[in-house]
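Observations on the model geometry
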Amino acid sequence: MTNPSQPRRVVVLGAASAIAEAACRLLAQSGAHIALIGRDEARLKIIAADLKLRGAEATFTLARDLAATDDPAATLELCAREIGAIDTVLIFYGVLGDQSRAEVELSEAKRLLNVNFTSPALWALAAVPHVEKAGARGVILTATSVAGDRGRRSNFIYGAAKGGLSVLMQGLAHRFGAKPGGPRAVDLKLGFVDTPMTAHLPKGGPLWATPAGLAPIIVAALERGGPVVYAPWFWRFVMLAIRLTPHAIFKRVNL
Ligand SMILES: NC(=O)c1ccc[n+]([C@@H]2O[C@H](COP(=O)([O-])OP(=O)(O)OC[C@H]3O[C@@H](n4cnc5c(N)ncnc54)[C@H](OP(=O)(O)O)[C@@H]3O)[C@@H](O)[C@H]2O)c1
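Cut-offs used in this document
Residues numbered from 1 in each chain as written. Predicted model: local features only at pLDDT ≥ 70, side-chain atom pairs only at ≥ 80, totals over all residues. Heavy atoms only, no water. Helix = DSSP H or I, 4+ residues; strand = E, 2+ residues; numbered from the N terminus. Contact = heavy atoms within 4.5 Å. Buried < 20%, exposed > 50% of the residue type's maximum accessible area, 1.4 Å probe, protein only. Disulfide = S-S within 2.5 Å. Axes fitted to C-alpha atoms, helices over the stretch in contact; angles between N-to-C directions. Parallel < 35°, antiparallel > 145°, perpendicular 65-115°, else oblique. Left-handed = near helix turned anticlockwise from the far one by under 90°. Nonpolar A, V, L, I, M, F, W, Y, C, P; charged D, E, K, R; others polar. Near = heavy atom within 4 Å. Polar contact = N/O pair within 3.5 Å; in protein donor to acceptor, adjacent residues only side chain to side chain. Areas by Shrake-Rupley, 256 points an atom, 1.4 Å probe, with all protein chains shown as cover. Phe/Tyr/Trp six-rings, centres within 6.5 Å; stacked < 30°, edge-to-face > 60°. Lys NZ or Arg CZ within 6 Å of the ring centre and 35° of its normal.

Moving on to the environment of Pro211. In this structure, Pro211 sits in helix H7 (residues 211–223). Once residues within four sequence positions are removed from consideration, Pro211 is found in contact with Ala18, Ile19, Ala22, Val193, Asp194 and Thr195.

And the structure:
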């Protein structure tokens, strides 16, 4: 059993994500050491200063296009030197993209698959030696999506990428679980969340969550549970129903 009150040493990939920022605010309260990586250096510095005020013991910022980083392993080594070690890796970057454009422009489809699957998969693999070194305290958590549970015509390219990442994380969890005292891999399957990513969508209703509402679920998932965590919990049952719907019926539903 890990000690939840012991400050974590965290690398956040996609640290400007609204959901990641909300989770980091809670981690900061327990004195976490946090390395923030994202594209917008000015924004990262503002987030880092806020996290210090909230109690983070140390912060480090690094500007990187995470989908175009040649050497994730070297970047994580740099973070480990800056914050002492790494026991927690949060992978939160992603893009929703434009499905109809990606269906006709394969370069756009390739971009979506790279940002949402290939590159985060490589970062997760590069994180393995660090979390293994941390033993039972080690954890890799990726923000995937309920969109990965069943392909549907409005967003199956994004969904395929997230679904692929879910399988990778479940495989890592299986591998880690083979030995007692090893680290954990957590596949965080998110439903609708009110963030800049969904700014263009109509909001409201019980299916919508907020980053602040999800933060305690994420921090709790670092300590226990999983390897698959639906957030909020009811999506597990919504997606079970969607997965079990026969194709003959599903094809008539405009989703
Ligand atoms: N919001 C939802 O309803 C929802 C649902 C299911 C899953 N998710 C997943 O949750 C995660 C967090 O999203 P969010 O809702 O918090 O949206 P968000 O606030 O828009 O965050 C997405 C972040 O990804 C970063 N990013 C995109 N491409 C990047 C790249 N190549 N290199 C570095 N950073 C990059 C963006 O940085 P820039 O600011 O530089 O563009 C942005 O900070 C994503 O993986 C998303 O797919 C969200």
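Moving on: the environment of Thr59. By the secondary structure assignment, Thr59 is in strand S3 (residues 58–63). A relative accessible area of 27% means that Thr59 is categorised as partly exposed. Once the C-alpha coordinates of Thr59 and Ala85 are considered, the two residues, 26 residues apart in sequence, prove to be 13 Å apart.

What follows deals with the state of the cysteines. If you walk through the whole model with that rule in mind, you get zero disulfides. Note on Cys24: no disulfide assigned, nearest cysteine sulfur contributed by Cys79 at a separation of 13 Å. Accessibility expressed as a relative area gives 0% for Cys24, which makes it buried.

Interaxial distance between helix H1 (residues 18–29) and H7 falls to 8 Å at its minimum, and their mutual angle equals 60°. One element, H1, and the other, H7, form an angle in the oblique class. Classified by chirality, the crossing of H7 by H1 is right-handed. Contacts between H1 and H7 involve Ala18, Ile19, Ala22, Ala23, Leu26 and Leu27 on the former and, on the latter, Pro211, Ala212, Leu214, Ala215, Pro216, Ile218, Val219 and Leu222. Of the residues that constitute the contact of H1 with H7, the class distribution is 14 nonpolar, no polar and no charged.

Looking now at the site of the ligand. The full set close to the ligand counts 27 residues, and Arg39, Asp65, Tyr158, Val193 and Thr195 are the nearest of them. Within the backbone of Gly94, an N or O atom sits 3.3 Å from an oxygen atom of the ligand. Within the side chain of Tyr158, one N or O atom sits 2.7 Å away from an oxygen atom of the ligand. In isolation the ligand has 890 Å² of accessible area, and contact with the protein removes 88% of it. Listed by contribution, the elements that provide at least two residues to the shell around the ligand are H1, strand S5 (139–145), helix H6 (156–177) and strand S7 (192–193). Here the shell around the ligand takes three residues from S5, the largest share from any one element. A breakdown of the residues in the shell around the ligand according to their chemical character gives 16 nonpolar, seven polar and four charged.

What follows is about the packing of aromatic side chains. A full pass over the atoms with the stated rule returns five aromatic pairs. Taking the centre distance of 5.2 Å and the plane angle of 25° together, the rings of Phe192 and Trp208 count as stacked. With a gap of 16 residues between them, Phe192 in strand S7 and Trp208 in strand S8 (residues 208–209) connect regions that are remote in the sequence. Between the aromatic rings of Trp233 and Phe234, the centroid separation amounts to 6.0 Å while the plane-to-plane angle is 80°, which identifies the pairing as edge-to-face. These aromatic residues form a ring-pair network of at least three members: Phe192, Trp208, Trp233, Phe234, Trp235 and Phe237. Just above the ring of Phe250 sits the side chain of Arg150; from NZ or CZ to the centre is 3.9 Å. Above the plane of the ring of Trp208 lies Lys203, whose end atom (NZ or CZ) is 5.2 Å from the centre.

Purely spatial values, then, with no claim about function.
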